[in-house]
Amino acid sequence: MLFRSDTGCRLKGADRAQACHDMREWPFRLGAAMSADFKPDLVIHVGDMHYRETPCPENNLGCAGSPYGDTWQVWKEDFFDPGQSLLSAAPWVMVRGNHEECGRGGIGWARTLDPYPYDQKSGRDGCLGPQQPYKVDLGGLTLLVMDVSTADEPRVNEQQVAFFRPQFESAKHIQGPVWFAFHRPIWAIEYFVKGQPAGDNKTLAAAARGALTPNVQAILSGHHHVFEVLKYKNDLPLQIISGHGGNELSLDVPAPIGQVVNDETIVAGLARPGIFGFAMIEREKGDTSATKWMLTGYDRRGQPIGMCKLDGRNLTCP
């Protein structure tokens, strides 16, 4: 299966204008076509398809004429048209990101990609609030998809903790291994703030504390614009991030091993900042337990940038 996120072209004021017309600067179309050649049996997109929020700055040829706002034309330009080759190649699992919140691309999300029936009476002009999780049976492995698009990162939001905790606990009722798929990672590092690693989510950490039963073996996320794989000293699920799908990249991601993020020490893994691409996750031949997998990160042209072997919550990255 193929795994990616954060694919849209950012237009956010005069200082955050990506060159949407330049495939070197916004290579989602190239990456989609290249990854379609891998013939995946499933594609998992963990959020942030919609990024064009404001007009292209005047005299900026890199994005001149680009639509903006939560409109069908933007959704076509940001996601459906450039992703067409991959959309036609395999079934998809769609996960909601923070760019699909109601104040951003939430109306388009509710009408095009949300897995639940559209209800025009729900929320602001039909924009749905955070939804309940849903399960995908992957043949011995269950993918549990959560909507954490609004989860507070810098502080613990107790109301949200009460909403998310039962969703984490629901995995204990599932037979066999479980992977979560949600946009915002819990204990991941993307940059430093005043010398301290940053990139975690305090609300999700509080909601998940003591609730992740041993059958939960991995978490698939985006949000950080980097390919990153993390194992922790404490017995936690592996964190896999493939947020390098097309939006401007995270460049200053430190080597993760030995870093402490929100009281969790990273003991194994890798980070590959500054490279656009996608990830492939393939089951080991002969594995009937659905616990042994090979994870490979690729650049936008399909060249490998990192490889790790997953065995339950164990991780080896040669």
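What you are looking at is a predicted structure, and each value in this text was computed from that prediction instead of being measured. (Residues numbered from 1 in each chain as written. Predicted model: local features only at pLDDT ≥ 70, side-chain atom pairs only at ≥ 80, totals over all residues. Heavy atoms only, no water.)

### Quick notes on the sheet that holds strand β15 (residues 292–299)
Logical step 1: In space, the 7 strands of this open sheet follow the order β3-β2-β1-β14-β15-β16-β17, with mixed pairing throughout. Two strands in the sheet have a free side with no partner beyond their single neighbour: β3 (92–94) and β17 (314–316). Mean inter-strand twist for the sheet, computed between neighbouring axes without regard to direction, equals 20°.
Logical step 2: As paired strands, strand β1 (residues 2–4) and strand β14 (residues 277–283) are joined by 2 bridges and run antiparallel to one another. Residue pairing for β14: F3 is matched across the bridge by A279.
Logical step 3: Packing against the sheet, helix α1 (residues 28–36) makes contact with β1 and β14, and its axis sits at approximately 165° to β1. (Pairing = 2+ DSSP bridges. Helix = DSSP H or I, 4+ residues; strand = E, 2+ residues; numbered from the N terminus. Axes fitted to C-alpha atoms, helices over the stretch in contact; angles between N-to-C directions. Contact = heavy atoms within 4.5 Å.)

### Some words on the nonpolar core
Logical step 1: Ranked by internal contacts, the top residues of the largest apolar core, which has 31 residues, are F164, F168, F180, F182, I186, W187 and L204.
Logical step 2: When contributions to this core are tallied by element, the ones reaching two or more residues are α5 (158–169), β6 (178–181), α6 (202–208), β9 (216–221) and β10 (227–232).
Logical step 3: In terms of residues, this core owes the most to one element, α6, which gives 5 residues.
Logical step 4: Once residues lying within four places of it in the same chain are set aside, the contact partners of F182 are V95, M146, V148, F168, L204, I219, L220, S221 and G222. (Core = buried A, V, L, I, M, F, W, Y, C linked by side-chain atoms within 4.5 Å. Buried < 20%, exposed > 50% of the residue type's maximum accessible area, 1.4 Å probe, protein only.)

### What about α1?
Logical step 1: Regarding α1, the residues found buried are F28, L30, G31, A32, S35 and A36.
Logical step 2: Close packing links the buried residues of α1 with β1, α2 (72–80), α3 (84–87) and β14.

### Observations concerning the sheet that holds strand β11 (residues 238–242)
Logical step 1: The 8 strands lie next to each other as β4-β5-β6-β9-β11-β10-β13-β12, forming an open sheet whose pairing is mixed. With one partner strand each, in any of the chains shown, β4 (134–137) and β12 (260–261) form the two edges of the open sheet.
Logical step 2: In terms of strand pairing, β12 meets strand β13 (residues 264–272) through 2 bridges, oriented antiparallel. Counterpart to V260 in the pairing with β13 is T265.

### Things to note about the packing of aromatic side chains
Logical step 1: The final tally for this structure, using the stated rule, is 14 aromatic pairs.
Logical step 2: Note on F38 and Y298: the rings are 4.8 Å apart at their centroids and 65° apart in plane angle, and the pair reads as edge-to-face. Of this pair, F38 sits in the loop between α1 and β2 (43–45) while Y298 is found in strand β15, placing the two residues 260 residues apart along the sequence.
Logical step 3: Since its relative accessible area comes to 29%, F38 is described here as partly exposed.
Logical step 4: By the ring-pair criterion, three or more aromatic residues cluster together here, those being W26, F28, W72, F79, F80 and W92. (Phe/Tyr/Trp six-rings, centres within 6.5 Å; stacked < 30°, edge-to-face > 60°.)

### Focus on unusual backbone geometry
Logical step 1: Backbone geometry places N59, a non-glycine residue, at a positive phi of 70°.
Logical step 2: The topology assignment puts N59 in the loop between β2 and α2.
Logical step 3: Given the relative accessible area of 72%, N59 is considered exposed.
Logical step 4: Its identity as a non-glycine residue notwithstanding, N262 has a phi of 50°, on the positive side.
Logical step 5: Take N262: it is sitting in the loop between β12 and β13.

Nothing here speaks to function; it is all geometry.
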